[in-house]
Amino acid sequence: MQLRNLVLLAAAASVDAAATLRFSCSQLVVERLDPLVNPGENPSPHLHQVVGGNAFNVSMDPEVHDLPTTATCTSCTPVEDFSNYWTAVLFFKARNGTMHRVNTFGNELGFTGANGGQTVYYLTQGKATAFKPGFRMTVGDPTIRTAQELNSRYKYMDFTCLQSSMTRGGQTTYFPRQPCAAGIMVSIRFPTCPDHQSHVAYPNGNACPSTHPVVIPQVFYETYWDTRPFNNRAEWPADGSQPFVWSFGDKTGFGIHGDYVFGWKGNALQRALDANCNSDLFANRINCPTLQTQTLAQANQCVKDKTVTENLDGWLTELPGGMPIT
């Protein structure tokens, strides 16, 4: 796709956004913890890849665990963002039944130097209120296995089969069914209208429903999965079906989901929203003077030791945790 078309698509995606905050978050840790869905459970049922502040832990109790004061570093380029962002992990299932974890890689539109992870956006369409300390939300459902159910409950969660770093368009809600020359991009957008009980809804057009009156920024992840080492169709299933599976056992892709825990320091995010910061969509330029930032190399240095001891590398005979494939 030509550069001009990519610009138009990016602008359309943010729908007259007053602020488009875009930055890189390198990989912090890959392990079987999920403090939102399975708080205190070590290990959790399935594997996740996590970015953000190194205060990520098994419980993340907001009453005792304040991310900005507990974390000592962040893998995101804004140094005041100690939030955690995480998704499931992609695996390749070979024709012989063995599985191999797929790595993430840095977004080639500006973040090639990142050690995997994901690109994070905060989008607004006007005045928006930053999240409060302790705020957390999830989107998607790992039990979904049909397009009908996914589309009836969630919006803006999809896969792009990259032919180059510039590919946009042709998104699907299921795993791509052909080799992707430049990898697979997974996009996850969260709703933007919370009520007074921490439930979040999608807007009706550009307006929040009366039951969810507060407008928050839209959190949006792009994760780049390096499926390029697995493009040899001779290693794909003999029936010609696509070979990828999520770490929770989903071979359709419809169970796509993401988790978010807010952890910006003080009023840093509100300052950025009020300043209508608009980041470069093609380079590592956050364009937000009110925020302190670090280099990709510095962000790469923020990592967390795994608390779950298990083999995640090489060829495996089953998914971590023994998750069945459905």
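Residues numbered from 1 in each chain as written. Predicted model: local features only at pLDDT ≥ 70, side-chain atom pairs only at ≥ 80, totals over all residues. Heavy atoms only, no water.

(A) Spotlight on the packing of aromatic side chains. Throughout the structure, instances matching the rule amount to 24 aromatic pairs. Ring centres 6.1 Å apart and planes at 80 degrees place the aromatic pair Phe23 and Trp264 in the edge-to-face group. Residue Phe23 is found in strand β1 (residues 19-25), and its partner Trp264 is found in the loop between β15 (257-261) and α4 (268-274); the two are separated by 241 residues along the sequence. With respect to burial, Phe23 and Trp264 carry one shared label: buried. Aromatic ring contacts, followed pair by pair, group Phe23, Tyr85, Tyr122, Phe131, Phe135, Phe190, Tyr221, Tyr260, Phe262 and Trp264 into a single cluster. (Phe/Tyr/Trp six-rings, centres within 6.5 Å; stacked < 30°, edge-to-face > 60°. Helix = DSSP H or I, 4+ residues; strand = E, 2+ residues; numbered from the N terminus. Buried < 20%, exposed > 50% of the residue type's maximum accessible area, 1.4 Å probe, protein only.)

(B) Summary view of the state of the cysteines. Inspection of every chain in the model, using the stated rule, returns four disulfides. One disulfide bridge connects Cys25 with Cys76, the sulfur atoms lying 2.0 Å from each other. Across the S-S bond of Cys25 and Cys76 the torsion is about 105 degrees, and the bridge reads as right-handed. Of the two residues, Cys25 is situated in strand β1 and Cys76 in the loop between α2 (67-70) and β4 (84-88); the sequence distance between them amounts to 51 residues. Here Cys25 and Cys76 have matching classes, each one buried. The side chain of Cys161 participates in a disulfide bridge whose partner is Cys180; the two sulfur atoms lie 2.1 Å from each other. Its S-S torsion of approximately -120 degrees makes the covalent link between Cys161 and Cys180 left-handed. In this pair, Cys161 sits in strand β9 (residues 157-161) while Cys180 sits in the loop between β9 and β10 (184-189), placing the two residues 19 residues apart along the sequence. (Disulfide = S-S within 2.5 Å.)

(C) Representation of the side chain of Lys304. Mapped onto the elements, Lys304 comes out in the loop between α5 (296-300) and β16 (315-316). Its relative accessible area of 16% is what places Lys304 among the buried residues. In terms of polar contacts, Lys304 uses its side chain to reach the side chain of Glu31, at 3.4 Å. Here Lys304 is in contact with Leu28, Val29, Glu31, Asn54 and Phe56, once residues within four sequence places are set aside. (Polar contact = N/O pair within 3.5 Å; in protein donor to acceptor, adjacent residues only side chain to side chain. Contact = heavy atoms within 4.5 Å.)

(D) Structural context of the pattern of salt bridges. One pass over the full model with this rule turns up 11 salt bridges. Its salt-bridge partner being Glu80, residue Arg271 comes within 3.2 Å of it at the nearest N-O pair. Taken together, the positions of Arg271 in helix α4 and Glu80 in the loop between α2 and β4 put the pair 191 residues apart, joining distant regions of the chain. Judged by its relative accessible area of 9%, Glu80 falls in the buried class. Across the pair Asp274 and Lys127 runs a salt bridge whose closest N-O atoms are separated by 2.9 Å. With Asp274 in helix α4 and Lys127 in the loop between β7 (118-124) and β8 (136-140), this residue pair connects regions lying 147 residues apart in the sequence. Judged by its relative accessible area of 43%, Asp274 is partly exposed. Shared partners join several salt bridges into a network, and the residues in it are Glu108, Asp226 and Arg228. (Salt bridge = Lys/Arg side-chain N within 4 Å of Asp/Glu carboxyl O.)

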